[in-house]
Amino acid sequence: MGYTHYFYFIIECPKNIFVAIRDDIRKIVEYVNKNNPDTIRGWDGVEEPEFEDDFTNFNGNASIGSDYETFMLERDRIKTNYCKTNRYPYDDAVAASLLIAKYHCPSMYINCDDNSEGYEKAAKLLKKIFGFKKIDISYDNKIDRVNAVFE
């Protein structure tokens, strides 16, 4: 079945906000690959990750068997999307990417099979990369989503 992240924008993400999200996701991917070379590859697990104006995507590394489903964040995606990572090494980058997207677009829906616990390692990663002092993550069971407060 595979460990899964669920996500979507409540309304279409404005282009300028999506560009900021994309740029921060690029920083996350670069940081992860710098510290663990070739953890993250392109959509197919082989090529390079894509960072475009309207979408970004990546996967694990197919050459070492750590690819699963492609993580794709699309600016105009306003219906449920998901990415099964099977908890492979690129899962931390997926979770961090979703948290940073929520930072830029607080109304964004994110959740995973572990609810808020699934984002704890990602929050630590974002603190290292972006210097956040504190990231409070909680799960709202009324609306089945993870919330995050950044300081």
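First, a word on what this report is: a plain description of the structure on this page. Treat the numbers as computed from the prediction; the structure is a model and nothing was measured.

Calculation notes
- Residues numbered from 1 in each chain as written.
- Predicted model: local features only at pLDDT ≥ 70, side-chain atom pairs only at ≥ 80, totals over all residues.
- Heavy atoms only, no water.
- Salt bridge = Lys/Arg side-chain N within 4 Å of Asp/Glu carboxyl O.
- Helix = DSSP H or I, 4+ residues; strand = E, 2+ residues; numbered from the N terminus.
- Buried < 20%, exposed > 50% of the residue type's maximum accessible area, 1.4 Å probe, protein only.

Let us now look at the pattern of salt bridges. Applying the stated criterion to the full structure yields twelve salt bridges. A salt bridge links Arg22 to Asp53; the shortest N-O distance between them is 2.6 Å. With Arg22 in helix α1 (residues 15-35) and Asp53 in the loop between β3 (50-51) and β4 (55-60), this pair connects stretches of sequence that are 31 residues apart. Given the relative accessible area of 39%, Asp53 is considered partly exposed. Across the salt bridge formed by Asp54 and Arg75, the nearest N and O atoms sit 2.8 Å from each other. With Asp54 in the loop between β3 and β4 and Arg75 in the loop between β5 (71-74) and β6 (81-84), this pair connects stretches of sequence that are 21 residues apart. Three or more residues joined by partner-sharing salt bridges are found here, namely Glu12, Lys15, Asp54 and Arg75.

One non-glycine residue, Asn86, lies in the positive phi region at around 55°. Here Asn86 shows up in the loop between β6 and α2 (91-104). With a relative accessible area of 30%, Asn86 lands in the partly exposed category. Phi is positive for Asp144, which is not a glycine, with a value near 50°. Asp144 gets classed as partly exposed once you look at its relative accessible area, which sits at 34%.

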